[in-house]
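Geometric and topological summary
Here are the chains, one letter per residue:
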Amino acid sequence: MKKKLMKHKVVIGLEVHIELKTKSKMFCNCSTQYFGEKPNTHTCPVCLGLPGALPVPNQLAIEWCVMIGQALNCQIPPFSKFDRKNYFYPDLPKGYQISQYVQPFCVKGFIDINGKKVGITRVHMEEDTGKLMHETSASLIDFNRSGVPLVEIVTEPDFDNSKDVKMYLQKLQQLVRYLGVADADMEKGQMRLEPNISISLNPSSNELPKYKVEVKNINSFGFVEKAINYELERQLEILEKGETPVQETRGWNESKAITVSQRVKEEANDYRYFPEPDIPPIRWTEKKIEELKTQIPELPDKKSTRFQRQYQLSSYDAEILIKNLSLADYFEEAVKAAKENATAKHIANYIINTKVDTDKILPAELVEKITQANRVETVSADELKTVVKKVIKDNPKIVQDYKKGNENVIQFAIGQVMYIIKKKIDANIVRKLILEELK
């Protein structure tokens, strides 16, 4: 299939929904800590959409949305507003969702993925829906999730393969965790992935294909990759017959590893967007936008670059250490505690290779372990020379192989000396004595 796709133009864009970890919901005071709780116990007239209930926006959620946009290099327009997105579905109690359409909080951003610049169309704020649970004879609704702050991040159709998509999604998850605004735990439904996929048979065309297929609510990076690859194969088969794939919304069936049709894809006018009459427009001052920007911590890309420069780490090691913020902070605390006792490289290697449990071992304790592991014991020169001579005498092949140009035998000889001494001594001193004996 890859060879076939090389002749065509693959077009992929992404919509990602991320729940923010504020204490209260987007438009009411209900707790957002609903996971594992009894159904419909975190609700009120506002998030149940009862007549007369009025929404009050969560200021912190809005500010966090803007910070996500800033971290994605977005422009923050001085004027934004909420809109009503009208559609009828059992998990939407009001019959509409408070979202943003015309004037979102963040627009025209970008992120670098694998050396490519991927455009961010918008980052906007909305409320989550309830959750449907399908039983044998009925479908039940839990409204605990209804009204939880939800940020939607929409990219330009700048992807042409599933691997870059997966890398982007992993980077986005890492970014919101660094910001401290979301846990983005996909097993709990806190980060949901929706690729829009299409193919143009004309690889040189700048026009987008006349259709697109959206795969909804995927909760795994691996499943996204599989869903995209399956869709590309399915769509290519249709296009090669001279037909056009139906513009529709599909779902990912994990057990069968296929996508299945759910409904014909809606257009924006199907939702009959109009300004939310119960929430006034929001205006930003430059001072407030700059104030939010100062709250953004050092982000993964910059931290990785700094680690490589400041601590002389390889790109590979730096990427492992900055994978999550707590591990990066732990490494730097250990470097501070080490002073002259261990280098940053030693500490990095120890953390990476021994998979240190950072919750159980304090940075200072880790440094002490590394120091002890590297501590060299002293052995008298006479004792060392005697052992070296014995090793060479007992292993005449060392001399023969060395004279033939095989320098690997030196390591064998060092190992034999260490075995006899049974102490941790400086291998460089042993090497020097062996080479003197072999002259």
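What you see is a predicted model; the values in this text were computed from it and never measured. Within every chain, residues take consecutive numbers counted from 1 along the sequence as written. Only residues with pLDDT of at least 70 get local features here, since the model is predicted, and only at 80 or more are side-chain atom pairs given and counted; chain-wide, interface and lining totals rely on the full set of residues. With hydrogens and water stripped out, all remaining heavy atoms of the structure feed into the side-chain values.

Quick word on the domain arrangement of the protein
Note the following rule: Just so you know, the domain bounds were taken from an automatic or database domain assignment.
Under the domain assignment used here, the protein contains domain 1 (9-292), domain 2 (298-374) and domain 3 (381-438). One C-alpha centre belongs to domain 2, the other to domain 3, and the line joining them spans 34 Å.

As for the sheet that holds strand β3 (residues 83-86)
What counts, and what does not: Paired strands are those between which DSSP finds at least two bridges. Counting from the N terminus, the helices are DSSP H or I runs at least four residues long and the strands are E runs at least two residues long.
What the three strands build is an open sheet, ordered β4-β3-β14; its pairing is antiparallel. Two strands bound the open sheet, and with one partner strand each, they are β4 (96-99) and β14 (274-275). Pairing between β3 and β4: four bridges, direction antiparallel. Bridging across to β4, aspartate 83 finds its partner in serine 99.

Some details on the packing of helix α6 (residues 300-311) against helix α8 (residues 325-338)
Each packed pair of helices is defined by two parameters, the angle between the axes and the distance between the axes. Where we set the bar: Axes, fitted as lines to C-alpha atoms, cover a helix only where it is in contact. Angles between the N-to-C directions of the axes lie from 0 to 180 degrees. In this scheme, roughly parallel covers angles under 35 degrees and roughly antiparallel covers those over 145, while 65 to 115 is roughly perpendicular and the rest are oblique. Two helices that cross are described as forming a left-handed crossing if the nearer one is turned anticlockwise from the farther one by less than a right angle, and a right-handed crossing if clockwise. We call two residues in contact whenever any of their non-hydrogen atoms come within 4.5 Å of each other. Following the grouping adopted for this structure description, the nonpolar residues are Ala, Val, Leu, Ile, Met, Phe, Trp, Tyr, Cys and Pro, the charged ones are Asp, Glu, Lys and Arg, and the polar ones are all others, Gly among them.
The interhelical angle for the contact between α6 and α8, taken along N-to-C directions, is 20 degrees, at an axis separation of 13 Å. By the angle class used here, α6 and α8 are roughly parallel. The handedness of the crossing between α6 and α8 is left-handed. Packed against α6, whose contacting residues are Lys303, Arg306, Phe307 and Tyr311, the element α8 presents Leu325, Ala328, Asp329, Phe331, Glu332 and Val335 at the interface. In terms of residue class, the contact of α6 with α8 is made up of six nonpolar, no polar and four charged.

What to know about the sheet that holds strand β5 (residues 106-113)
Strand order in this open sheet of eight strands is β5-β6-β9-β1-β10-β11-β12-β13, and the pairing throughout is mixed. In the strand order of this sheet, the two ends are held by β5 and β13 (258-264), each with one partner. Looking at each pair of strands side by side, their axes are set apart by 30 degrees on average, direction ignored. With six bridges connecting them, strand β12 (residues 248-253) and β13 associate as antiparallel partners. The partner of threonine 249 across the bridge, within β13, is arginine 263. Strand contacts of helix α2 (residues 59-71): β5, β6 (116-127) and β9 (149-155), with the helix running at about 175 degrees to β6, the strand carrying the most contacts.

A short note on the packing of aromatic side chains
The cut-off we apply is this: A pair of aromatic rings is counted whenever rings of Phe, Tyr or Trp (Trp by its six-membered ring) have centres within 6.5 Å, and the orientation is called stacked for planes under 30 degrees apart, edge-to-face for over 60 and tilted otherwise. Only protein chains enter the calculation, and the probe is 1.4 Å; a residue is then buried if its accessible area is under 20% of its type maximum, exposed if over 50%, and partly exposed in between. Lysine NZ or arginine CZ positioned within 6 Å of the ring centre and within 35 degrees of the ring normal marks a charge as sitting over the ring.
The full count for this structure, using the stated rule, is eleven aromatic pairs. Between phenylalanine 159 and tyrosine 168, the aromatic rings sit 5.4 Å apart at their centres with planes inclined by 55 degrees, giving tilted as the arrangement. Here phenylalanine 307 and tyrosine 311 contribute two aromatic rings whose centre-to-centre distance is 5.5 Å and whose plane-to-plane angle is 75 degrees, an arrangement assigned as edge-to-face. Of this pair, phenylalanine 307 and tyrosine 311 are both found in helix α6, four residues apart, which corresponds to roughly one turn of the helix. The buried category is assigned to phenylalanine 307, whose relative accessible area is 0%. Overall, tyrosine 311 belongs to the buried group, its relative accessible area being 10%. Three or more aromatic residues joined by ring pairs form one cluster here, namely Phe27, Phe82, Phe105 and Trp284. Above the plane of the ring of tyrosine 271 lies lysine 85, whose end atom (NZ or CZ) is 4.5 Å from the centre.

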